[in-house]
Amino acid sequence: MEKEVYVCGIKQENLGKFVKVFVELFDKSGKKSEFYTSLMSKYNAEKYISNILKLTGESSWFKVFFGLNPLQFEAVMDSEQNEIVALANEKATLYKNEVVLTEKAKTVPQEDIVMNR
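To start, this report covers the structure provided alongside it. Small disclaimer: the values here were computed from a predicted structure and weren't measured.

What follows concerns the layout of surface pockets. Considering only enclosed or pocket space, the largest pocket measures out at about 270 Å³ in volume. Thr56, Asn69, Pro70, Leu71 and Gln72 are, among the 14 residues lining the largest pocket, the residues nearest its centre. When residues of the lining of the largest pocket are traced back to their parent elements, those giving at least two are helix H1 (42-56) and helix H2 (61-66). Here the residues of the lining of the largest pocket sort into 5 nonpolar, 5 polar and 4 charged.

Spelled out as structure tokens, the structure:
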């Protein structure tokens, strides 16, 4: 998979009392992959998904997935280059259990982003 990836879907998988969020990705060559979070409460999973949408500046996932500017990230791989461990762009880094804003994320008010720790 190439370093530059684009989000093409978000889904949740319920695992008993916990939820895992899957961010579906594709690269310019058309190869698909996914990035998934650690187990979290349903509330934290919904907040995680909401935080990603707020970073896009769009009001709906439809606009993100089918708009002119797809949500782009750089895939951060593990040391063996087998698994995506984070997604990063100029606004934020998506880790397995939290969304962390970067210094350049001045377009998104900090009070609109709730960190999942």
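Next, the rest of the story.
What follows deals with the nonpolar core. In terms of nonpolar packing, the biggest core is built from 25 residues, with Leu25, Phe35, Tyr48, Ile52, Leu87 and Leu94 touching the most fellow members. Those elements that provide at least two residues to this core are strand S1 (4-15), strand S2 (18-27), H1, H2, strand S4 (72-77), strand S5 (84-88), strand S6 (92-94) and strand S7 (99-101). Here this core gets 6 residues from one element, more than from any other, and that element is H1. With sequence-adjacent residues up to four places away left out, Phe35 is seen in contact with Val21, Phe22, Val23, Leu25, Tyr48, Ile84, Val85, Ala86, Leu87, Leu94, Tyr95 and Lys96.

So, about the side chain of Thr37. Tracing the sequence through the fold places Thr37 in the loop between strand S3 (32-36) and H1. Ignoring anything within four residues of it in the chain, the contact list for Thr37 reads Lys20, Val21, Tyr48 and Lys96.

So, about H1. Relative to the 21 Å expected for 15 residues at 1.5 Å per residue, H1 spans 22 Å between its end C-alpha atoms, a close match to the ideal helical length. Of all the positions in H1, only Ala45, Tyr48, Ile49, Asn51, Ile52, Leu53, Leu55 and Thr56 are classed as buried. Elements that come into contact with the buried residues of H1 comprise S1, S2, S3, H2, S6 and S7. Two residues or fewer after H1 comes Gly57, characterised by a positive phi angle close to 80°.

In this section: the packing of aromatic side chains. For any pair of aromatic rings, the description rests on two quantities: the centre-to-centre distance and the angle between the ring planes. A complete count under the given rule lists 4 aromatic pairs for this structure. Between the aromatic rings of Trp61 and Phe65, the centroid separation amounts to 5.3 Å while the plane-to-plane angle is 20°, which identifies the pairing as stacked. Here Phe65 and Trp61 lie together in helix H2, a separation of 4 residues that amounts to about one turn. For Trp61, a relative accessible area of 18% corresponds to the buried category.

Scoring rules and cut-offs
- Residues numbered from 1 in each chain as written.
- Predicted model: local features only at pLDDT ≥ 70, side-chain atom pairs only at ≥ 80, totals over all residues.
- Heavy atoms only, no water.
- 1 Å grid on protein atoms, 1.4 Å probe; cavity = no way out; pocket = protein on both sides within 12 Å on 5 of 7 lines; lining within 4 Å.
- Points joined across faces, edges and corners; volume = space filled by probe spheres on them.
- Helix = DSSP H or I, 4+ residues; strand = E, 2+ residues; numbered from the N terminus.
- Nonpolar A, V, L, I, M, F, W, Y, C, P; charged D, E, K, R; others polar.
- Core = buried A, V, L, I, M, F, W, Y, C linked by side-chain atoms within 4.5 Å.
- Buried < 20%, exposed > 50% of the residue type's maximum accessible area, 1.4 Å probe, protein only.
- Contact = heavy atoms within 4.5 Å.
- Expected span 1.5 Å × (residues − 1).
- Phe/Tyr/Trp six-rings, centres within 6.5 Å; stacked < 30°, edge-to-face > 60°.

Nothing here speaks to function; it is geometry throughout.
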